[in-house]
There are 2 protein chains.
Amino acid sequence: MQITSSANPKIKEIRKLRERKARQESGLFYVEGLRHVMEASQQQAGIETLVVAPELLTSAVGREFAAAQARQGVPVLEVSAEVFAGLALKEGPVGLAAVVRQRWWGAEAVQGGLWAALDAVADPGNLGTILRTLDAVGGEGVILLDHSTDPYDPTAVRASMGAVFTQKLVKMSFDAFAAWKQAGGLPVVGTSDRGPQDYHYHTYPEAMVLLMGSERQGLQPQHLALCDALVRIPMQGQCDSLNLAVATAVVLYEIYNHRRDPQAGQLGGER
Amino acid sequence: MQITSSANPKIKEIRKLRERKARQESGLFYVEGLRHVMEASQQQAGIETLVVAPELLTSAVGREFAAAQARQGVPVLEVSAEVFAGLALKEGPVGLAAVVRQRWWGAEAVQGGLWAALDAVADPGNLGTILRTLDAVGGEGVILLDHSTDPYDPTAVRASMGAVFTQKLVKMSFDAFAAWKQAGGLPVVGTSDRGPQDYHYHTYPEAMVLLMGSERQGLQPQHLALCDALVRIPMQGQCDSLNLAVATAVVLYEIYNHRRDPQAGQLGGER
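Per chain, residue numbering runs from 1 following the sequence as it is written. Chains carry letters from A onward and ligands carry numbers from 1 onward, assigned in written order. The predicted nature of this model means local features are confined to residues of pLDDT at least 70 and side-chain atom pairs, given and counted, to a pLDDT of 80 or more, with totals for whole chains, interfaces and linings taken over all residues. Only hydrogens and water are set aside; all other atoms, that is, all heavy atoms of the structure, feed into the side-chain values.

Under an unreviewed UniProt entry, the name given to chain A is rRNA methyltransferase, and the organism recorded is Levilinea saccharolytica. UniProt positions are given in the numbering used here, feature names are shortened, and annotations may be inferred rather than shown by experiment. Per UniProt, chain A has the following entry under Sequence similarities (unreviewed entry): "Belongs to the class IV-like SAM-binding methyltransferase superfamily. RNA methyltransferase TrmH family."

Spelled out as structure tokens, the structure:
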């Protein structure tokens, strides 16, 4: 039976997932759009409920996907176009969304490969964009330190373009991160405008964590002290910093280039 | 005399600058925050009116700046904290803002150096972030093609972190851009996921325009046809694209690295 009222308790519960508190308490989040919901399914994310508005879901691919999910036993909530629009975060809703179980990994997941650790990242768009870039360079995941924003915030999920499902998400206090590092964790490379090494000429370890500070403050003294190396992105204009997602991407792609081109950054003026 | 009512016609006019239409008609835009307003002044942007809320403007630097502007003959609008908050786009307003005259350059300004051309960039945050990155790599400015968002949108201004004042802004239709190019304009390098050359191994011209497509669609056939070279940013994850501001930054920093490191991208596997 189709739900036609936004006052329906199930709909109200889904709407609440916009708030961090409700996401934390339930361990769930809300994903919308054909592409993102299919990515969730492909990456074995736990789809708890599929939300379908048949009037809006006109694409054959979308309809078949929803039918297949139902056959596999996924609960399907059929809603009117109006109810769907009330849930939707984006204009022009396509009629498919899902309530998905959050996945979190422990420190033991951080074993090899390329990771980013973010301290107090405030903007969910930045966090989602960083996940998207990490996916592109074959990264493993993100370690969120202390007061970082929620990767399951709708804006972060959307900005990640599906990478929220492909990247491992780890949450740690700074103290736990420092303890993990000292107990034999991966090498940590930090970025700082006062870093002694130009990021282009640095030799990056094979497995590592790239540590980035917050949008406002950059890395704090205790973070800097933990780093095995500090690299600096040169800037020659009037602005004295880059957008956080941009700075992270610039270093991640440099690391990626060094891996696929053994000569990169090796022969420059700063040898 | 202090303005204490948001219904004051001058205040209403300033508020209207949030809308693109009002900005277009007046040729003005609104900048807030000590840092951005001082950057405007430093870059000789035409400050038409300074908006000061004395109750909020507590910093000595800010007060001195406002006094110096007034001495130089800049009209100062004194407003109450409440009126200022009604104008403010950001929480925690610092009590200083300005109405500034927009600056636009013609095609003849695009003579040398590094430029970005953006087709139909939709997100003002992306546009502002691209300006900020261009500033960092010593770029000249941005060419906005056809239906691009407004660099004087408050979100773009804020994201640019002052670069909206340091970078030259040029607006052109695609046809005008093509004509300019064919009449001896700078070489144009486009990015495309089907580009034949890996962006890391490409040799970039000294003076050039980096052409980027829109967030949704990338470069269209007519844009691709205009490019002297097409480069591709490799991606190895599930996502098939990068955020526009990230993709632009990754290529801009690669170009920047090639300029300061003559060996960069020269000795790799794709020689």
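**Regarding the overall build of chain A**
Working definition: helices are DSSP H or I runs of at least four residues, strands are E runs of at least two. Numbering for both runs from the N terminus. Looking only at helices and strands, one finds eleven helices and eleven strands in chain A. Expressed as lengths along the three principal axes of its C-alpha atoms, the size of chain A is roughly 70 × 40 × 35 Å. Relative accessibility under 20% of the residue-type maximum defines a buried residue, over 50% an exposed one, and the middle range a partly exposed one, all with a 1.4 Å probe and only protein chains included. Of all 271 residues assigned to chain A, the portion counted as buried reaches 55%. By the convention used here, residues are in contact when the closest approach between their heavy atoms is within 4.5 Å. Across chain A, every contact between residues at least 6 apart in sequence was considered, and the portion connecting residues at least 24 apart equals 80%. Per-residue and other accessible areas were derived by the Shrake-Rupley procedure at a 1.4 Å probe size, with only the shown protein chains allowed to occlude residues. As displayed, chain A offers around 11,700 Å² of accessible surface, 48% of which is attributable to carbon and sulfur atoms. Note on charges: Lys and Arg go in the positive column, Asp and Glu in the negative column, and His and the chain ends are not counted at all. Where a charge lies is defined by one atom per residue type, namely NZ (Lys), CZ (Arg), CG (Asp) and CD (Glu). Considering chain A, the positive charge centre built from 25 side chains and the negative charge centre built from 29 side chains are found 4 Å apart.

**Let's talk about the nonpolar core**
Among the nonpolar cores identified, the biggest contains 110 residues, and A:L50, B:L50 and B:V142 are the most heavily contacted of them. Not counting residues up to four positions away in its chain, the partners in contact with B:L50 are B:V37, B:F65, B:A66, B:Q69, B:V74, B:P75, B:V76, B:L77, B:L96, B:A97 and B:A98. Residues belong to a common nonpolar core when they are buried Ala, Val, Leu, Ile, Met, Phe, Trp, Tyr or Cys residues joined through side-chain atoms within 4.5 Å.

**Thoughts on the relation of the copies chain B and chain A**
Least-squares fitting of chain B to chain A yields an RMSD of 0.0 Å, with the superposition described by an axial translation of 0.0 Å and a rotation of 180°. Each copy turns onto its partner about a two-fold axis. The fit set for superposing copies consists of C-alpha atoms from residues with pLDDT of at least 70 in both; the fit itself is least squares.

**What about the pairing of strand β8 (residues 188-191) of chain A?**
Regular strands place side chains that alternate from one sheet face to the opposite one. Residue and element names in this part refer to chain A. With burial as the criterion, each face of β8 is covered, one bearing V188 and G190 and the other bearing V189 and T191. Pairs of strands are assigned from DSSP output, requiring at least two bridges between the strands. Here β8 pairs with strand β10 (residues 208-212) via three bridges, running parallel. Note on β10: the bridge partner recorded for V189 is L210.

**Description of unusual backbone geometry**
Within the chain, A:M161 stands out as a residue other than glycine whose phi angle is a positive 50°. Note that A:M161 resides in the loop between α7 (154-160) and α8 (163-166). Looking at A:M161, the relative accessible area reads 23%, which means it is partly exposed. Despite not being glycine, B:Q44 has its phi angle at roughly 60°, a positive value. Inspection of the secondary structure assignment puts B:Q44 in the loop between α3 (34-42) and β2 (47-52).

**Re the confidence of the model for chain A**
Here pLDDT means the predictor's own confidence in every residue, given as a number from 0 to 100. Scored by pLDDT, chain A comes out at a mean of 93, with 98% of its residues at no less than 70. Summarising per-element confidence for chain A, the mean pLDDT is lowest in helix α3 (residues 34-42) of chain A (91) and highest in β10(A) (98).

**Quick notes on helix α11 (residues 244-260) of chain A**
Residue and element names in this part refer to chain A. Expected span, for any helix, means 1.5 Å times one less than how many residues it has. An ideal rise of 1.5 Å per residue puts 24 Å on 17 residues; α11 measures up with 24 Å between its terminal C-alpha atoms. The buried fraction of α11 amounts to 15 of the 17 residues, a majority that puts the element mostly inside the structure. Contacts described as polar in this section are N or O atom pairs within 3.5 Å, which, within protein, must combine one atom able to donate a hydrogen with one able to accept it, while residues neighboring in sequence count only if both atoms come from side chains. A distance of 2.8 Å separates the backbone nitrogen of A245 from a side-chain oxygen at the start of α11, and that oxygen is part of N243.

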